[in-house]
Amino acid sequence: MAAHKIAVSDTGQPLGPLAERGWFLHCSEGMDSDATVKDLGKFGDRLGTRVAGRAGALEEVIEPHGADNAHPRSLSVRYGLDALPFHTELSHRTRPCRYLLLGCIDPGSPAAATMLLDWRTLGFSSEELDLLEGTPVLVRSGRRSFYSTILAPGGAFLRYDPGCLEAVDQRGRMALALIEDRIAAASPQAHHWRQGDILIIDNWRVLHGRSPSGPGSGRRLARILIDA
Ligand SMILES: [Fe+2]
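Residues numbered from 1 in each chain as written. Predicted model: local features only at pLDDT ≥ 70, side-chain atom pairs only at ≥ 80, totals over all residues. Heavy atoms only, no water.

A.B. asks: Outline helix 4 (residues 126-134), listing residues and values.
C.D. replies: Within helix 4 the residues assigned to the buried category are Glu128, Leu131 and Leu132. Along the axis of helix 4, the buried positions cluster into a sector of 95 degrees, meaning they face one direction only. Exposed side of helix 4, more than 90 degrees from the buried face: Glu127 and Asp130 are the residues found there. Where the residues of helix 4 are buried, they touch strand 8 (146-149) and helix 5 (170-185). (Buried < 20%, exposed > 50% of the residue type's maximum accessible area, 1.4 Å probe, protein only. Helix = DSSP H or I, 4+ residues; strand = E, 2+ residues; numbered from the N terminus. Arc of directions from axis to C-beta. Contact = heavy atoms within 4.5 Å.)

Here's what the structure looks like:
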């Protein structure tokens with residue numbers, strides 16, 4: 001009799017590490033892509049309400065894109081298959097989504113890691129936090145562009161995305177340069193994907209980026225975004 005490997009995945013497990021360090025990893029080796037996407041939804045439903053991504057879908061599959069065929073306002077247009085810089089998901093919304101959930105359908109070859117960085121570890125002084133909280137910058141989003149600050153009132157979240165934030169004065173330039181310098185000097189964590197992995201990221205606390213990818217790597221991640 002053939003032995004069938006049955007992958008059991010516990011999506012009801014406690015999410016303690018999410019509160020402790022701002023991200024949570026769920027591994028379920030041997031899960032096929034349908035099961036991974038299903039689990040992604042279960043975790044998402046535990047955390048809050050789904051919000052649509054830039055393309056308007058509540059559930060997306062993302063793949064590294066060369067600059068030519070990327071969404072016109074995505075980071076991929078500027079960076080293509082190079083490393084994608086650290087950013088807050090949906091920075092171009094007035095209130096970026098609280099959680100970002102990624103599920104690995106295919107790690108791709110060559111594989112690209114997802115980089116994670118808690119902005120609270122960037123060592124901002126109270127003067128620097130004041131600069132980030134008190135300096136207006138332009139958030140570019142076509143007709144819906146608006147002014148906001150990098151740090152939300154009381155430090156609730158950090159809005160950072162070099163693809164859509166623009167300084168409007170000297171203080172804004174200082175604020176953006178400050179973040180850039182701190183990120184460049186930081187030691188982020190790299191998550192190397194295996195099929196079936198699910199990463200839950202507190203988007204208000206942990207910036208994410210991607211290491212360089214190759215053309216036609218086959219890397220595919222399912223993504224859902226959650227408001228809470
Ligand atoms: Fe992103």
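Right, picking up where we left off after that structure.
A.B. asks: Please set out helix 5 residue by residue, giving values where relevant.
C.D. replies: In this model helix 5 runs 23 Å from its N-terminal to its C-terminal C-alpha over 16 residues, within 8% of the 22 Å that 1.5 Å per residue would give. Looking only at helix 5, the buried set comprises Gly172, Ala175, Leu176, Leu178, Ile179 and Ile183. The buried side chains of helix 5 occupy one side of the element, clustering within an arc of 150 degrees when seen end-on. For helix 5, exposure combined with an orientation more than 90 degrees from the buried face picks out Asp181, Ala184 and Ala185. The inward-facing, buried residues of helix 5 abut strand 4 (84-87), strand 6 (114-118), helix 4, strand 7 (136-139), strand 9 (165-167) and strand 12 (206-210). The N-terminus of helix 5 is capped by Asp169, whose side-chain oxygen sits 3.3 Å from the backbone nitrogen of Arg171. (Expected span 1.5 Å × (residues − 1). Polar contact = N/O pair within 3.5 Å; in protein donor to acceptor, adjacent residues only side chain to side chain.)

A.B. asks: Account for the sheet that holds strand 7, naming residues and giving values.
C.D. replies: Within the open sheet, the three strands sit side by side as 8-7-9. Their pairing is antiparallel. The open sheet is flanked by strand 8 and strand 9, the only strands paired with a single partner. The mean angle between the axes of side-by-side strands here comes to 45 degrees, regardless of whether they run parallel or antiparallel. Sheet topology note: the strand 7/strand 9 ladder contains three bridges and is antiparallel. Pairing of Val137 across the sheet is with Ala167, part of strand 9. Along the sheet, helix 5 makes contact with strand 7 and strand 9, crossing strand 9 at roughly 135 degrees. (Pairing = 2+ DSSP bridges. Axes fitted to C-alpha atoms, helices over the stretch in contact; angles between N-to-C directions.)

A.B. asks: So what's going on with the UniProt feature "domain: TauD/TfdA-like" (unreviewed entry) in the chain? Residues and values would help.
C.D. replies: Residues given the UniProt feature "domain: TauD/TfdA-like" (unreviewed entry) here are residues 141-224. With 19% helix and 30% strand, residues 141-224 has its two end C-alpha atoms placed 21 Å apart. (UniProt positions renumbered as here; feature names shortened; annotations may be inferred.)

A.B. asks: Give a detailed account of the pattern of salt bridges, specifying residues and quantitative values.
C.D. replies: Tallied over the entire structure, the rule returns ten salt bridges. Of the charged contacts, one joins Lys42 and Asp39 as a salt bridge, the two residues approaching to 3.9 Å between their closest N and O atoms. Residue Lys42 and its partner Asp39 are both found in helix 2 (residues 33-47); the two are separated by three residues, about one turn of the helix. Asp39 sits in the buried class, given a relative accessible area of 4%. Each of Glu60, Glu89 and Arg223 takes part in salt bridges that share partners, so that together they form one network. (Salt bridge = Lys/Arg side-chain N within 4 Å of Asp/Glu carboxyl O.)

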